[in-house]
Amino acid sequence: MAAGSLRQLDSNITKSRPLDIYIFNVQESNDIKFTSHYESLLKLEKLGFQVNPVKILCNNINECIEKIHEIGENREALTFGIDGAVIKVDDLELREIIGTNFKTPKWAIAYKYPPEQKETILKDIICQVGRTGVITPMAILEPVKVAGSTISKTTLHNADFIKEKGLKIGDHVIIQKAGDVIPEIVKSLIDKRTGNEIEFQMPTVCPVCGMPAIREEGEAATRCIGIECPARNLRNIIHFVSKEGMNIVGLGDKIVETLLDKKLIKNIADIYYLKLEDIKGLKKDGTKFATNLIDAIEKSKQNSLDKLITALGIRNVGTKLAKILATKFKTIDNLMNATMDELYEIDDIGEVTAKSIYDFFKQSQTKDLIDKLKNANVNMETTENQNIDDRFSGKTFVLTGSLENYTREEASRIIESFGGKTSSSVSKKTDFVLAGSEAREQAFKSRRIRSKDN
């Protein structure tokens, strides 16, 4: 939060926030020669700087261990949150002798305390719907302060998590912050039950749109299958216009939210029916903004089929698989009419992914959406040049480091145009590693180090 406040472009926002700081080190001094870290902290205090009040000079390791336990037992009384304590060598000359590793000093070591735990009451469990339709149960808690912040809710992930923890609405529960960051329920205090607690059941219909909510075999998540579910709509549109999707520059999260709030759009397809007059009122003197956005929307109509497939947000289909589908089926109609067998025959597609693609295009809402996009003249065919040269067929490449003349995406497209595949990591299936200059230098350096060791 402090770092984000300092990065604000508007300094008045930074000024309005109650920022404070403890100075913990003198990096360099031309006037005073310090012999110990503790001595420098005392000097900083004398000069008027705020220094952490919990600084203890110990004579041996046993004293350090004793003080670590003492700090841990009293950390709730501190005016700031901590998740551990650091032991440092005090003698500055000795620090120089001990030295440092590549990133960390050898003269200091951190001790992490177990997460702080508190008891509270699980007042209710509500369900939220995500962009892909996943319905996630959320615990509503009696507010309680844990590790410096007040916790009133936390995710319960899925039905299996609730069953594993044995949770019921009305339970007394123990919560903590995982890694002192993310709140989580540790357990239910069964011995405190009164008999009035309520068993929770995952919904069988979406709590927002009323479409069926299903849990497929072998999966933990329950999903809404409605593509136009209002709860999914904002997230769907944001994904659709994103860089990975149709890449509509200028159509950011806030603008999408405003367009929905003002009922200028209701779904993805409505973006392509926006007019200059609809948009220019969204910003003061917004004619230029509106003109640029309309131009970006028009430009996105020419995207290749793989960008559209990615943008649709089909479950289990990312940018790489979208390219494979576009290359295989050439048009959106061919893909929509593909059978389960045709999808399953593709090397990179398993039965679960094949079914999610098949089911997506069989929904009436999907067909309506595609028709609206067609009517808006959005491209429905692959525009990639089909090269009959398949010299890389059956070969897998891993790209690493910064390439001199191409981005990784451009290099990947070239490899794929010759029938090859790209992967993010080296495995036994890797045929070639294409390394940029930085990666090559690091590899040569590592090789030299190994040679010296040998």
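What follows covers the overall build of the protein chain. A count of helical and extended segments in the protein chain gives 18 helices and 12 strands. For 454 residues, the compact-globule estimate of 2.2 N^0.38 gives 22 Å, and the protein chain exceeds it by more than 25% at 29 Å. On the principal axes, the C-alpha backbone points of the protein chain span a range of 75 × 70 × 55 Å. Long-range pairs, those at least 24 residues apart, make up 57% of the contacts in the protein chain with a sequence separation of at least 6. For the protein chain, the computed accessible surface area is about 28400 Å², with 51% contributed by carbon and sulfur atoms. Side-chain charges in the protein chain split into 66 positive and 65 negative, and the spacing between the mean points of these groups amounts to 2 Å.

On to the sheet that holds strand E10 (residues 396–400), then. Each strand in a sheet pairs with another by means of backbone hydrogen bonds, the pair being arranged parallel or else antiparallel. Taken together, 3 strands build an open sheet; the order of strands is E11-E10-E12 and the sheet is parallel. Lying at the two open borders of the sheet, with one neighbouring strand each, are strand E11 (421–423) and strand E12 (432–435). For this sheet the average axis-to-axis angle between neighbouring strands, irrespective of direction, equals 35°. Direction of pairing for E10 relative to E12: parallel, over a ladder of 4 bridges. Within E12, the position partnered with valine 398 by the bridge is valine 433. Taken strand by strand, helix H17 (residues 408–417) contacts E10 and E11, and its axis lies near 165° from that of E10.

The next thing to look at is the packing of aromatic side chains. Summed over the entire model, instances satisfying the criterion amount to 6 aromatic pairs. Seen in terms of ring centroids, tyrosine 111 and tyrosine 113 are 5.5 Å apart; in terms of plane orientation they differ by 75°. Their pairing is edge-to-face. Each ring, one from phenylalanine 360 and one from phenylalanine 361, has its centre 5.1 Å from the other, and the planes form 90°; the classification is edge-to-face. Comparing phenylalanine 360 with phenylalanine 361, the two get one shared label, buried. Among the aromatic residues, those joined into a cluster by ring pairs are Phe392, Phe397 and Phe432. Here the guanidinium or amino end of lysine 283 rests over the ring plane of phenylalanine 289, the centre of that ring lying 4.5 Å away. Here the guanidinium or amino end of lysine 362 rests over the ring plane of tyrosine 358, the centre of that ring lying 4.6 Å away.

Looking at chain direction, strand E3 (residues 117–129) and strand E6 (residues 172–178) are connected through 5 bridges and run antiparallel. Of the residues in E6, the one forming a bridge with lysine 118 is isoleucine 175. Note that E3 and strand E4 (residues 134–146) share 7 bridges and pair antiparallel. For isoleucine 125, the partnering residue across the bridge sits in E4 and is alanine 139.

Another point: H17. Among all positions of H17, only Ala411, Ser412 and Ile415 are buried. For H17, the buried positions fall inside an angular range of 100° around the axis, keeping them on one side. Those residues of H17 that are buried are in contact with E10 and E11. Looking one or two places after H17, you find glycine 419, whose phi comes out positive at around 90°.

Among the residues making up helix H8 (residues 253–261), those that are buried are Ile255, Val256, Leu259 and Leu260. Buried residues of H8, seen end-on, are gathered within an arc of 135° and therefore sit on one face of the element. Those residues of H8 that are exposed and aimed more than 90 degrees away from the buried face are Lys254 and Asp261. The inward-facing, buried residues of H8 contact helix H7 (230–241) and helix H10 (287–300). Phi for lysine 263, located one or two positions after H8, is positive at around 60°.

Moving on, we get to unusual backbone geometry. One non-glycine residue, lysine 263, lies in the positive phi region at around 60°. Relative to the assigned elements, lysine 263 resides in the loop between H8 and helix H9 (276–279). Residue class for lysine 263 comes out exposed when judged on its relative accessible area of 66%. Even without being glycine, asparagine 377 reaches a positive phi, approximately 70°. For asparagine 377, the location among the structural elements is in the loop between helix H16 (364–375) and E10.

Reading guide: rules and limits
Residues numbered from 1 in each chain as written. Predicted model: local features only at pLDDT ≥ 70, side-chain atom pairs only at ≥ 80, totals over all residues. Heavy atoms only, no water. Helix = DSSP H or I, 4+ residues; strand = E, 2+ residues; numbered from the N terminus. Rg over C-alpha atoms; globule rule 2.2 N^0.38 Å. Contact = heavy atoms within 4.5 Å. Areas by Shrake-Rupley, 256 points an atom, 1.4 Å probe, with all protein chains shown as cover. Lys, Arg positive; Asp, Glu negative; His and termini not counted. Charge placed at Lys NZ, Arg CZ, Asp CG, Glu CD. Pairing = 2+ DSSP bridges. Axes fitted to C-alpha atoms, helices over the stretch in contact; angles between N-to-C directions. Phe/Tyr/Trp six-rings, centres within 6.5 Å; stacked < 30°, edge-to-face > 60°. Buried < 20%, exposed > 50% of the residue type's maximum accessible area, 1.4 Å probe, protein only. Lys NZ or Arg CZ within 6 Å of the ring centre and 35° of its normal. Arc of directions from axis to C-beta.

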